[in-house]
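Structural description and commentary
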Amino acid sequence: MLKYSPANAKTEALKEVDELKPFLADKRKIYSLDLLSGYSCPFAEKCLSKATVDNETGKRKIKDGPKTEFRCFSASQEALLPNVYKRRKHNYDTLKDLHLNDMIHRLNQDKPKDLGILRFHVGGDFFNSDYFFAALNLAMINPDKLFYAYTKSLKYWVKYREWADNIDNFILTASRGGRDDSLIDSEGLRETVVVFSEAEAEEKGLEIDHDD
């Protein structure tokens, strides 16, 4: 059974966004579905980090990728917090070997009964095209709920763009720093950019996101 996580401080702020309040009517809540960072991120590059486990001691530490420029915050969480690591590893292990129809069933069957808004992946990403398409199907099955994701799995978005761009309750944002950033420009994908300071955001004319 998948383990959906309750809202964190940032996603909780979505409650204050007027246009989203209908999705949270009748005491419905905000959740995320998180996977093991790095391992489930096939297109990560500048942020590629993984929590690795020492087989002898059982201790976890961070391993950065060859082109890492900024360490993945969720991989850092997994290295520091045993329960976070276990929950995300459980979800990834549960999903990664399922076929498409089984993925769709698992996602829908295990979702919280009071789900109103779901963020795919505070940790992790769409690790293959079947999983991406399963997420689209989950949104289509549940039109009264809102689903959204930040993703570097841009090839899957482009592959299923005819579907993804026409499902009103499924919102995607491309996250720069991956191996396929060129698709953001060539395909005109909605995007977000990681910066190192508020000053850099101001210099680039970027709005800082406080509420996902």
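One structure accompanies this document, and this report is about it. Everything numeric in this text was worked out from a predicted model, so none of it was measured. (Residues numbered from 1 in each chain as written. Predicted model: local features only at pLDDT ≥ 70, side-chain atom pairs only at ≥ 80, totals over all residues. Heavy atoms only, no water.)

**Some words on the overall build of the protein chain**
Across its full length, the protein chain carries nine helices and eight strands. Taking 17 Å as the expected radius of gyration for a compact globule of 212 residues, we find that the protein chain reaches 17 Å, a close match to that expectation. Once the C-alpha set of the protein chain is aligned to its principal axes, its extents read approximately 45 × 45 × 35 Å. When the 212 residues of the protein chain are sorted by exposure, 48% land in the buried category. Of all intrachain contacts in the protein chain linking residues separated by at least 6 positions in sequence, the fraction that spans at least 24 positions is 67%. Here the protein chain has roughly 11500 Å² of accessible surface; of this, 48% comes from carbon and sulfur atoms. Charged side chains in the protein chain number 33 positive and 36 negative. The centres of these two groups are separated by 7 Å. (Helix = DSSP H or I, 4+ residues; strand = E, 2+ residues; numbered from the N terminus. Rg over C-alpha atoms; globule rule 2.2 N^0.38 Å. Buried < 20%, exposed > 50% of the residue type's maximum accessible area, 1.4 Å probe, protein only. Contact = heavy atoms within 4.5 Å. Areas by Shrake-Rupley, 256 points an atom, 1.4 Å probe, with all protein chains shown as cover. Lys, Arg positive; Asp, Glu negative; His and termini not counted. Charge placed at Lys NZ, Arg CZ, Asp CG, Glu CD.)

**Re the pattern of salt bridges**
Under the counting rule described, the total for this entry stands at 15 salt bridges. Residue Asp64 pairs with Arg71 through a salt bridge whose shortest N-O separation is 2.7 Å. Using a relative accessible area of 48% as the deciding quantity, one classes Arg71 as partly exposed. A salt bridge links Lys96 to Asp93; its shortest N-O distance comes to 3.5 Å. Members of the salt-bridge network, linked through shared partners, are Arg28, Asp144 and Lys145. (Salt bridge = Lys/Arg side-chain N within 4 Å of Asp/Glu carboxyl O.)

**What about the state of the cysteines?**
Going through the model one piece at a time under the given rule, you end up with zero disulfides. Unpaired in terms of disulfides, Cys47 finds its nearest cysteine sulfur in Cys72, a separation of 5.9 Å. (Disulfide = S-S within 2.5 Å.)

**Topic: the packing of helix α4 (residues 100–110) against helix α5 (residues 129–141)**
As a packed pair, α4 and α5 sit with axes 9 Å apart at the nearest point and diverge in direction by 45 degrees. On the basis of their axis angle, the class for α4 and α5 is oblique. In the packing of α4 onto α5, the handedness of the crossing is right-handed. In contact with Leu100, Met103, Ile104, Leu107 and Asn108 of α4, α5 contributes Asp130, Tyr131, Phe133, Ala134, Ala135, Asn137, Leu138 and Ile141. Here the contact of α4 with α5 is built from residues that sort into 10 nonpolar, two polar and one charged. (Axes fitted to C-alpha atoms, helices over the stretch in contact; angles between N-to-C directions. Parallel < 35°, antiparallel > 145°, perpendicular 65-115°, else oblique. Left-handed = near helix turned anticlockwise from the far one by under 90°. Nonpolar A, V, L, I, M, F, W, Y, C, P; charged D, E, K, R; others polar.)

**Some points on the environment of Met1**
Residue placement: Met1 occurs in the segment before β1 (5–6). Classification of Met1 by relative accessible area gives exposed; the value is 67%. Each C-alpha atom, one on Met1 and one on Ser129, is 21 Å from the other, the two residues being 128 residues apart in sequence. In this structure Met1 touches His90 and Asp110, once residues within four positions along its chain are discounted.

**With respect to the sheet that holds strand β2 (residues 29–33)**
In a beta sheet, neighbouring strands pair by backbone hydrogen bonds and run either parallel or antiparallel. Within the open sheet, the six strands sit side by side as β1-β2-β5-β6-β7-β8. Their pairing is mixed. Looking at which strands have only one partner, the edges of the open sheet turn out to be β1 and β8 (191–192). Note that strand β6 (residues 146–151) and strand β7 (residues 170–175) share five bridges and pair parallel. Directly across from Tyr148, in β7, lies its bridge partner Ile171. (Pairing = 2+ DSSP bridges.)

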